[in-house]
Amino acid sequence: MLNTIYRLVAPRRFEAEFSDISLKDDNIIVRPTHLSICNADQRYYQGKRAPEVLKKKLPMALIHEGIGDVLYDPRGEYKPGQSVAMVPNTPVEKDDVIAENYLRSSKFRASGFDGFMQDSVAIGRDRLVLLPAGINKRVAAFTELVSVSYHTINRFDVRAHRRRDRIGVWGDGNLAFITALLLKKRMPDSQVLIFGKNDYKMADFVFADATYDITDIPPELRVDHAFECVGTEASGIAINQIIDFINPEGTIAIMGVSENPVPLNTRMILEKGLNVFGSSRSGVQDFRDTIQLYNSNKDVEEYLESIIGETITVRSIADMNRAFDADIRKSGGKTVMVWEK
Ligand SMILES: NC(=O)C1=CN([C@@H]2O[C@H](COP(=O)(O)OP(=O)(O)OC[C@H]3O[C@@H](n4cnc5c(N)ncnc54)[C@H](OP(=O)(O)O)[C@@H]3O)[C@@H](O)[C@H]2O)C=CC1
Ligand SMILES: O=C(CO)[C@H](O)[C@H](O)COP(=O)(O)O
Ligand SMILES: [Zn+2]
C-alpha cells in the first residue's frame with residue numbers, strides 16, 4: 001500500500017516522502033485523525049537539539065501524541081473506523097524488572113524513528129488502545145502526555161513515604177497542569193500546591209489548593225514531596241528551590257527535559273535524605289489506565305479540554321508549518337492538529 005510520510009528534513013522544513021506499507025505483516029494500519037505537538041517536537045522543529053543529534057535523527061516524521069482510525073487489521077480483530085490511541089514507545093524485548101519505556105533497546109516514535117505525521121501508520125497491535133465512544137478527540141490526541149503523568153504518579157506512589165499532606169508541583173505549563181490534576185484525583189486528601197512564574201497560567205489550575213509565584217513563596221512554607229515539571233536549564237533552578245522548600249526524607253520526581261546538565265545542591269539532598277527520581281515517557285498499560293481514568297472521571301476530560309490552545313486543520317505541508325509556528329507563538333496550552341491528509 002502506498003503511503004506518504006511527512007518528514008522534518010531540516011529545522012522548519014517538512015518534505016513528503018512516498019513509501020510502501022506491506023499488508024502482509026501483522027501490523028495494523030491506522031489513519032491519524034488528531035495529533036498534538038509536544039515540546040520534544042519543537043526542539044527538533046526549531047533546531048534546538050545539538051547539531052550531531054539533528055544529523056543523526058533527521059529526516060524523521062515528528063509527533064508522538066496522537067490518535068487515529070483503524071483502516072486495516074490483517075486479523076480482523078480491530079474493525080475499520082474504530083478509534084484508537086497510538087502508543088509511541090516500541091519495545092523489542094520484555095524484561096521482568098525494567099519497564100518497557102526504560103529499556104535502552106526500546107524505540108520511541110519521533111525520537112528514534114518516524115512519528116505519526118504520515119497518511120497511514122503501520123503499528124503493532126500491542127501498541128493500540130481502543131478509545132471509548134463519545135470521547136473528546138482533541139483531548140484524546142494528547143493522551144500520551146497524560147499517560148506520562150499517570151506513569152510518574154505510579155512511580156511516586158511506591159517511592160514516597162506515607163506523609164503526603166502537601167505535594168508541590170513546580171511549573172505552570174501543560175505537564176504541570178496535567179500532573180497536578182491527576183495528583184489531586186489520585187490523592188484527594190493531599191494539598192496540591194503549584195509553584196510557577198506566570199499568574200495567568202496558574203489561574204487555570206482551579207482544582208489546586210494554592211498557587212505561588214516562585215519569587216514570592218512564604219519562607220516558612222514546606223512541602224512533603226514535589227514534582228518538577230519545568231524542563232530546560234530552568235529545571236535546575238526549580239529543583240534547587242524544591243530542595244530548599246521540601247521537608248526531610250521527601251521524594252522529588254524530575255520530569256522536565258534539559259538539553260544540558262543542570263547543577264544541583266547535592267549537599268542538601270544528602271543532609272535532608274531526599275529521594276530524587278527521574279521519570280520519562282510511558283508504556284501501553286499507562287495508556288490503558290489513563291483512558292480508564294477518562295471513562296470514570298468525566299471532569300478530567302473537561303479540565304483537560306481547558307488547556308487546548310489552538311486547533312489547526314492540516315491538509316498540506318504549509319498547514320504543518322502553520323501549526324508548529326502557531327505552537328511557538330502560543331501563550332500556553334496544547335496545539336492540536338486535525339489531520340485531514
Ligand atoms: N518526562 C517526560 O516524559 C516528559 C517530559 N516533558 C518535558 O517537561 C517539560 C515541561 O513541559 P511543558 O509543560 O509542556 O512545557 P512548558 O514550557 O509549557 O512549561 C514549563 C513552564 O514552567 C515555567 N517555569 C520556568 N521556570 C520555572 C521555575 N523555576 N519554576 C516554576 N516554573 C517555571 C515556564 O514559564 P516561562 O515559559 O514563563 O518560562 C513554563 O510556563 C519540558 O521540558 C518537556 O519537554 C514533556 C513531556 C513528557
Ligand atoms: O516528550 C517526551 C515524552 O512524551 C520526552 O520528552 C521525549 O521522549 C524526549 O525525546 P527526545 O529525546 O527525542 O527529546
Ligand atoms: Zn512528549
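Criteria and cut-off values
Residues numbered from 1 in each chain as written. Chains lettered and ligands numbered in written order. Predicted model: local features only at pLDDT ≥ 70, side-chain atom pairs only at ≥ 80, totals over all residues. Heavy atoms only, no water. UniProt positions renumbered as here; feature names shortened; annotations may be inferred. Helix = DSSP H or I, 4+ residues; strand = E, 2+ residues; numbered from the N terminus. Buried < 20%, exposed > 50% of the residue type's maximum accessible area, 1.4 Å probe, protein only. Polar contact = N/O pair within 3.5 Å; in protein donor to acceptor, adjacent residues only side chain to side chain. Contact = heavy atoms within 4.5 Å. Core = buried A, V, L, I, M, F, W, Y, C linked by side-chain atoms within 4.5 Å. Domains from an automatic or database assignment.

A.B. asks: Help me out: how do you make sense of the UniProt feature "binding site: Zn(2+)" (unreviewed entry) in the chain in this one?
C.D. replies: Using the residue numbers shown here, the UniProt feature "binding site: Zn(2+)" (unreviewed entry) corresponds to Cys38, His64, Glu65 and Glu144. Across 107 residues of sequence, these annotated residues stay compact in space, with a maximum C-alpha separation of 9.8 Å. For Glu65, the location among the structural elements is in strand E5 (residues 65-72). Under the relative-accessibility criterion, Glu65 is labelled buried at 0%. In terms of polar contacts, Glu65 uses its side chain to reach the side chain of Ser36, at 2.7 Å. In this fold, Glu144 is placed in helix H4 (residues 143-159). Ignoring anything within four residues of it in the chain, the contact list for Glu144 reads His64, Glu65, Pro88, Phe108, Ser282 and Phe287.

A.B. asks: Honestly, the UniProt feature "domain: Alcohol dehydrogenase-like N-terminal" (unreviewed entry) in the chain in this entry has me stumped. Any pointers?
C.D. replies: Summarizing the sequence annotation, UniProt attributes the feature "domain: Alcohol dehydrogenase-like N-terminal" (unreviewed entry) to residues 25-132 in the numbering used throughout. Counted over residues 25-132, helix gives 13% and strand 31%. Its end C-alpha atoms are 27 Å apart.

A.B. asks: Teacher, can you tell me more about the nonpolar core here?
C.D. replies: A general trend in soluble globular proteins is that nonpolar side chains are found buried together. One finds Phe142, Val169, Ile178, Phe227 and Leu304 to be the most contacted residues of the largest nonpolar core, which totals 49 residues. Put simply, the parts of the chain that give this core at least two residues each are helix H3 (137-140), H4, strand E11 (166-170), helix H5 (174-186), strand E12 (191-196), helix H9 (284-296) and helix H10 (298-305). When residues in this core are grouped by element, the largest group, eight residues, is from H5. In this structure, this core is formed jointly by two domains, domain 1 (2-141 + 307-339) and domain 2 (147-278), each of which donates at least three residues. With residues near it in sequence (within four places) discarded, Phe142 still touches Ser36, Glu65, Ile178, Leu304, Ile307, Ile308, Lys334 and Val336. Ile28, Tyr44, Val70 and Tyr78 belong to the second-largest nonpolar core, a separate cluster that totals 33 residues.

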